[in-house]
Amino acid sequence: MATRKKIVKTCPSCGAFFNAEAYEVINATLDTALRDEVIWGRIFDFTCPSCTHHFRSPYSMAYKEMEKEYIIFLELDEDARDEDERISKSRITGDQIAETRELFPTYRIRVVHDMMDLIEKIHIFSAGLNDKIVTYLGYKIKDDVTVKMKNAKPPIRVYKALFDSLKGKAGELNFGLLSSSPKPIFVTTPTRDYEYLLKKSPLRQQFDEAEGLYQIDEGWAAGIDKVLIA
Ligand SMILES: [Zn+2]
C-alpha cells in the first residue's frame with residue numbers, strides 16, 4: 001500500500017517539463033514488490049513523454065516497514081526550487097516525524113538525503129542490524145581503505161562504504177565501496193567487530209536509540225570518534 005503524489009519533472013535530454021506520478025509514502029510490509037522497486041531504485045525512474053528518454057531522478061518520499069518498526073524519510077534538496085521551498089520541505093519532514101512519534105512511538109525514525117543512503121538503511125534494517133553500528137563500521141572502513149589506496153596508481157578516492165548484506169555462514173558483513181576505481185571494490189568485516197561494538201566497546205551507549213537523533217550518517221560517525229579520542 002502506498003500513497004502517491006503528482007510531481008513535475010524536467011527531461012535531462014530535451015528539457016521538457018512533464019507531470020509524473022510519484023510515491024509519497026511506501027508501506028513495504030503491505031507491498032513487498034514495491035520494496036524491490038525501491039531497493040533497485042526503480043521507483044525513481046521516469047520516461048519523458050516528449051522524447052521517450054529514460055532517466056533516474058530521486059525525489060523526497062518516505063519508506064516504512066511496519067513489521068520491522070521503522071520509517072525512513074528521504075529528503076532531497078534537488079527538488080526544491082529555492083531557499084523557501086527547502087525550508088518548507090524540512091518543515092514537512094519535521095511534521096511527519098512528530099506525527100510518526102505520536103502514532104508509532106516504538107518506530108525508529110531516520111532522515112537521509114541520498115537515494116543510496118535510503119537503500120543502505122533498508123538493507124541494514126532488513127538484516128536486523130543496528131544502523132548506528134553499521135554506519136560506524138562503514139566510516140572506519142572508508143578511512144582504512146582511503147589510507148591503503150593513497151599510493152595506488154592512479155590514486156583511488158573512496159567516497160563511501162555502503163553496507164550491502166550479511167554473509168550468513170562466514171559471519172561477515174559485506175560493504176560495497178563507492179570510489180573513483182573503475183572496478184567495484186568490496187570489503188568484508190567480521191561480525192565479531194559488530195558484536196564488540198554492540199556489547200563491549202566503550203562507545204556502546206552511543207549506539208542506543210536516542211530521542212531526536214534521526215540522521216545517522218558519516219558526520220554522526222565522525223562525531224562518535226571524537227568522543228572516544230576526548
Ligand atoms: Zn525529453
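Source: prediction; values computed, not measured.

A word on the sheet that holds strand E8 (residues 158-167). Strand order in the open sheet formed by three strands is E8-E9-E10, with antiparallel pairing between adjacent strands. Edge positions in the sheet fall to E8 and strand E10 (185-190), since each has one partner strand and no second. Averaged over all pairs of adjacent strands, the angle between their axes in this sheet comes to 30°, without regard to strand direction. Here strand E9 (residues 172-179) runs beside E10; their pairing, made up of six bridges, is antiparallel. Bridge pairing in E10 places Leu177 opposite Ile185.

Across the junction of Lys153 and Pro154, the peptide omega takes the value -5°, indicating a cis bond. Of note, Thr52 is a non-glycine position whose phi angle comes to about 60°, a positive value. Despite not being glycine, Glu69 shows a phi value in the positive range, around 55°. By relative accessible area, Glu69 is classed as partly exposed at 34%.

Next up on the list: the coordination of the zinc ion. Octahedral metals with six donors have ideal donor angles of 90 or 180 degrees. Tetrahedral metals with four donors have an ideal donor angle of 109.5 degrees. Only Cys11 (SG), Cys14 (SG), Cys48 (SG) and Cys51 (SG) from the protein reach the zinc ion as donors, at distances of 2.3 to 2.4 Å. Note that the zinc ion binds four donor atoms; their angles at the metal cover 105 to 113°, and the shape is tetrahedral. Here the donor residues of the zinc ion share one chain and are spaced in sequence as C-x2-C-x33-C-x2-C.

As a further point, take the domain arrangement of the protein. Buried accessible area, meaning the area lost when the parts come together, often serves as the stated size of an interface. Entries for the protein in the domain assignment read domain 1 (2-126) and domain 2 (131-229). When each unit is reduced to the centre of its C-alpha atoms, the spacing between domain 1 and domain 2 is 25 Å. Listed as interface residues are 14 residues of domain 1 and, on the opposing side, 15 residues of domain 2. Together, Arg110, Glu120 and Ile124 form the three largest contributors to the area buried by domain 1 at its contact with domain 2, with a combined 36%. The interface formed by domain 1 and domain 2 includes five salt bridges. In this structure, the salt-bridge partner of Arg101 is Glu211, at a minimum N-O distance of 3.0 Å. Linking domain 1 with domain 2 are 10 residue pairs in polar contact (both at pLDDT 80 or more). Within the residue set of the side of domain 1 that touches domain 2, elements represented by two or more residues are helix H2 (83-103), strand E7 (108-112) and helix H3 (115-126). Across the side of domain 1 that touches domain 2, the residue classes tally to six nonpolar, two polar and six charged.

Among the five residues that make up strand E6 (residues 70-74), five are buried, leaving the element largely enclosed by the rest of the structure. Going residue by residue along E6, you find Tyr70, Ile72 and Leu74 tucked away on one face and Ile71 and Phe73 tucked away on the opposite face as well. Here strand E5 (residues 61-65) pairs with E6 via five bridges, running antiparallel. The residue of E6 that forms the bridge with Glu65 is Tyr70. From the end of E5 to the start of E6, which pair antiparallel, there are four residues, and Glu69 there has a positive phi angle of about 55°.

Thresholds, definitions, all that
- Residues numbered from 1 in each chain as written.
- Predicted model: local features only at pLDDT ≥ 70, side-chain atom pairs only at ≥ 80, totals over all residues.
- Heavy atoms only, no water.
- Pairing = 2+ DSSP bridges.
- Helix = DSSP H or I, 4+ residues; strand = E, 2+ residues; numbered from the N terminus.
- Axes fitted to C-alpha atoms, helices over the stretch in contact; angles between N-to-C directions.
- Buried < 20%, exposed > 50% of the residue type's maximum accessible area, 1.4 Å probe, protein only.
- Donors = N, O, S within 2.8 Å, 3.2 Å for Na, K, Ca; no water.
- Tetrahedral: all angles 85-135°; square planar, octahedral: opposite > 155°, others 65-115°.
- Domains from an automatic or database assignment.
- Contact = heavy atoms within 4.5 Å.
- Buried area = accessible area lost by both parts, 1.4 Å probe.
- Salt bridge = Lys/Arg side-chain N within 4 Å of Asp/Glu carboxyl O.
- Polar contact = N/O pair within 3.5 Å; in protein donor to acceptor, adjacent residues only side chain to side chain.
- Nonpolar A, V, L, I, M, F, W, Y, C, P; charged D, E, K, R; others polar.

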